[in-house]
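Each chain, letter by letter, is given below.
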Amino acid sequence: MKKIFNITLLSLVLGLLAGIYSCTNLDETVYDTIPADQFGKKPAEINAIIAPVYKTLKNVFPGDIFLLSEQAGDMAITPTRVGGDWWDGGVHMVMKLHTWHARIGLINNAWNACTSGITTCNQIYATIEQSEMDEELKTRTLAEIRGIRAFWYYILIDYFGNAPLVADYESTELPGMASRQQLYDFVVSELNAIKDVLRDDVSDESYGKFTQGAAYTLLAKMYLNAEVWTGTPNWQGVIDAADKVMSMDYIIEPNWKVNFEVNNQISREIILPAIFGKDDGGNHLHKRTLHYLDPIALGMTVETWNGVSAQPDYVKQFDDADQRKEGSFLIGPMIDPGTGEVLITGHARPLIHTVDFNIIPGSIREGMWGEVHQEEGARCNKWVFEKGLANSDMENDFAIFRLADVYLMKAEALVELGQNNSEATRLVNVIRERGFGDDSHNYTSVTIDEVRLERRLELAWENTNRQDMIRAGKFLEPGYLRPTASSPHLLLFPIPESAWETNNNLVQNPGYPAF
């Protein structure tokens, strides 16, 4: 039985590992030459077995989960460019106008990323659970998988509210819907069950793993949004979980940009990353945001798409003295290093990235949405563009969780409880002082609005915008190109119609047409 299982295990691993070598930093071990009854006992082999679980995190950024957060909120926009570029059937327009429906591809793709991530976790969990692995190692490995699965349920809770709850890979029954409360209780229970089993070191060896730091940070996120998601706040839970993370060996990196460098795995601020490599389905943010000619100015040879930009009002929140403004947004003229002159677009216009958009007269497609010129819009400049990058994705990792977020979560909870404003102020000022380079913009005390503003300045482009706006009660208010308030049912995205077509036990969220 042992030999049969291990052969099955080895076959499964080899089938799932295609293309993920560089995302796991494994030694160059040829796994198909390891005897079947020995595989899965060494750390590198365990990394190989669970690599597909961690690979699912690549779907968090910069794909459709990212776009739903930042474009449905007020952080980002993918405008329709002159000539219809990025019209894409209006999919980005409906995100901004809050007129989406159950057949939108972005929503379907985000749902599929979550459910496929959960399926992968369940599959690998079932495989390892039956193995002859050392029991201590098995327990910790299974805890890591449960942590990633809990993360994917956290995204479902946030975006969709209600979803099937499936923790058994062997089940063949089509699952029904679990309520947001049921999913919330499941995630919190899972995290509490595993949090002290996971490794607690902050090191090269733990980087990229679901650790105690990740578990407590995810618990803090759950408690931070408890009032929205369950009707009952748990601000003290946020403080307690944040304190646990802050007691670990994570640091606020003195150089903010270290968190976004090409080789940002050196950051000890990052708690849970999605790990990227150039050749393994990596970070394609540069393609998504940069103009077609921007790589010339930036010293890269890459085909880019001229897509996502920042919403003007979001950029205008930043003080010019805040180093995070230039560190987050690419604004101004793009210079050809060969001539020293401003590059000229294919429409014979200087390539100068403006903060504001100007709708071209006569181009209105719906409401206030129309076409803009190619060069308009501040582009994402947060993750460092590698000079010399040629025809590949970026390898900058994406920090799903980092310590600055934890500081600001605790500050928000303290202010919400009306407790220890001096500590809340200190936490915000640590982040703010790093941004400005000195204490000249520090607060003497902080209000809830100032804590929320600091989150916007610190966490631009980092998948927090929609969630933060909902918690602040701002998401439904009139916004850019959207002069009227939105319906409360839009606080949740619809269950995709295509998901119901494969499982008619699914029930549509309130406010959307029933299946």
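Right, let's walk through the structure included here. (Residues numbered from 1 in each chain as written. Predicted model: local features only at pLDDT ≥ 70, side-chain atom pairs only at ≥ 80, totals over all residues. Heavy atoms only, no water.)

## A short note on the overall build of the protein
In terms of helices and strands, the protein carries 20 helices and 10 strands. Its C-alpha atoms give the protein a radius of gyration of 23 Å, near enough to 24 Å, the size a compact globule of 515 residues would have. Taken along the three principal axes of its C-alpha coordinates, the protein extends 70 × 55 × 55 Å. Counting the 515 residues in the protein, one finds 59% classified as buried. Of all intrachain contacts in the protein linking residues separated by at least 6 positions in sequence, the fraction that spans at least 24 positions is 70%. Accessible surface for the protein amounts to roughly 20,100 Å². Of this, 50% is attributable to carbon and sulfur atoms. Counting 44 positive and 70 negative side-chain charges, the protein places the centres of these two groups 1 Å from one another. (Helix = DSSP H or I, 4+ residues; strand = E, 2+ residues; numbered from the N terminus. Rg over C-alpha atoms; globule rule 2.2 N^0.38 Å. Buried < 20%, exposed > 50% of the residue type's maximum accessible area, 1.4 Å probe, protein only. Contact = heavy atoms within 4.5 Å. Areas by Shrake-Rupley, 256 points an atom, 1.4 Å probe, with all protein chains shown as cover. Lys, Arg positive; Asp, Glu negative; His and termini not counted. Charge placed at Lys NZ, Arg CZ, Asp CG, Glu CD.)

## Brief notes about the nonpolar core
In this structure, Trp 100, Phe 151, Trp 152, Leu 191, Phe 210, Phe 329 and Trp 461 are the most contacted members of the largest nonpolar core, which totals 148 residues. For this core, the element with the most residues is helix H7 (residues 135–159), which contributes 14 residues. (Core = buried A, V, L, I, M, F, W, Y, C linked by side-chain atoms within 4.5 Å.)

## Focus: the packing of helix H3 (residues 43–55) against helix H6 (residues 105–129)
Following both chains from N to C, one finds H3 and H6 inclined at 160°, their axes separated by 8 Å at the closest point. Classed by the angle they form, the pair H3 and H6 counts as roughly antiparallel. Relative to H6, the crossing made by H3 is left-handed. Taking contact as the criterion, the partners of Ile 49, Ile 50, Pro 52 and Val 53 in H3 are, on H6, Thr 120, Cys 121, Ile 124 and Ile 128. Of the residues assigned to the contact of H3 with H6, the class counts are seven nonpolar, one polar and no charged. (Axes fitted to C-alpha atoms, helices over the stretch in contact; angles between N-to-C directions. Parallel < 35°, antiparallel > 145°, perpendicular 65-115°, else oblique. Left-handed = near helix turned anticlockwise from the far one by under 90°. Nonpolar A, V, L, I, M, F, W, Y, C, P; charged D, E, K, R; others polar.)

## Some remarks on the side chain of Asn 463
Relative to the elements of secondary structure, Asn 463 occurs in the loop between helix H18 (448–458) and helix H19 (465–471). Taking the relative accessible area as the measure of exposure, Asn 463 reaches 16% and is therefore buried. Reaching out from Asn 463, the side chain makes a polar contact with the backbone oxygen of Val 60 at a distance of 3.1 Å. With residues near it in sequence (within four places) discarded, Asn 463 still touches Val 60, Phe 61, Ile 65, Phe 66, Ser 69, Glu 70 and Phe 398. (Polar contact = N/O pair within 3.5 Å; in protein donor to acceptor, adjacent residues only side chain to side chain.)

## So, helix H4 (residues 64–72)
Owing to its 3.6 residues per turn, the α-helix brings residues three or four apart onto one side. Burial runs high along H4: nine of the nine residues are buried. Burial in H4 covers these residues: Asp 64, Ile 65, Phe 66, Leu 67, Leu 68, Ser 69, Glu 70, Gln 71 and Ala 72. Looking at the buried side of H4, the elements it contacts are strand S1 (76–77), helix H5 (91–97), H6, H7, helix H12 (285–289) and H19.

## Notes on unusual backbone geometry
In terms of backbone geometry, most residues other than glycine have negative phi values and most peptide bonds are trans. With an omega of -5°, the peptide bond running from Phe 61 to Pro 62 counts as cis. With respect to the element layout, Pro 62 can be found in the loop between H3 and H4. Phi at Trp 86 takes a positive value of approximately 70°, unusual for a residue other than glycine. Assignment of secondary structure puts Trp 86 in the loop between strand S2 (80–81) and H5. With relative accessibility at 15%, the residue Trp 86 sits in the buried group.

## Re the pairing of strand S3 (residues 270–274)
Taking burial as the measure, the five residues of S3 include five buried ones, the bulk of the element. Two elements, S3 and strand S10 (residues 398–402), share four bridges in a ladder whose sense is antiparallel. Across the sheet, the residue bridging to Ala 274 is Phe 398, located in S10. (Pairing = 2+ DSSP bridges.)

## Thoughts on the pattern of salt bridges
What the rule picks out here adds up to 38 salt bridges. Arg 456 is the partner of Asp 74 in a salt bridge, and the nearest nitrogen-oxygen pair spans 2.8 Å. With Asp 74 in the loop between H4 and S1 and Arg 456 in helix H18, this residue pair connects regions lying 382 residues apart in the sequence. A relative accessible area of 19% means that Arg 456 is categorised as buried. (Salt bridge = Lys/Arg side-chain N within 4 Å of Asp/Glu carboxyl O.)

## Things to note about the packing of aromatic side chains
A complete count under the given rule lists 19 aromatic pairs for this structure. Look at Trp 500 and Phe 515: their rings are 5.3 Å apart centre to centre, the planes differ by 15°, and that puts the pair in the stacked class. Of this pair, Trp 500 sits in helix H20 (residues 497–502) while Phe 515 sits in the segment after H20, and the two are 15 residues apart along the sequence. In this structure Phe 515 comes out as partly exposed when scored by relative accessible area, which is 30%. Among the aromatic residues, those joined into a ring-pair cluster are Phe 61, Phe 66, Trp 256, Phe 260, Trp 383 and Phe 398. It is Arg 466 that lies over the ring of Tyr 159; its NZ or CZ is 5.0 Å from the centre. (Phe/Tyr/Trp six-rings, centres within 6.5 Å; stacked < 30°, edge-to-face > 60°. Lys NZ or Arg CZ within 6 Å of the ring centre and 35° of its normal.)

## What about the packing of helix H16 (residues 403–417) against helix H17 (residues 421–436)?
Contact pair H16 / H17: the axes reach a minimum separation of 8 Å and the direction vectors enclose 150°. Our classification of the angle between H16 and H17 gives roughly antiparallel. H17 is crossed by H16, and the crossing has left-handed handedness. Of the residues in H17, those touching H16 at Ala 404, Tyr 407, Leu 408, Lys 410, Ala 411, Leu 414 and Val 415 are Asn 421, Glu 423, Ala 424, Leu 427, Val 428, Val 430, Ile 431 and Arg 434. Here the contact of H16 with H17 is composed, by residue class, of 11 nonpolar, one polar and three charged.

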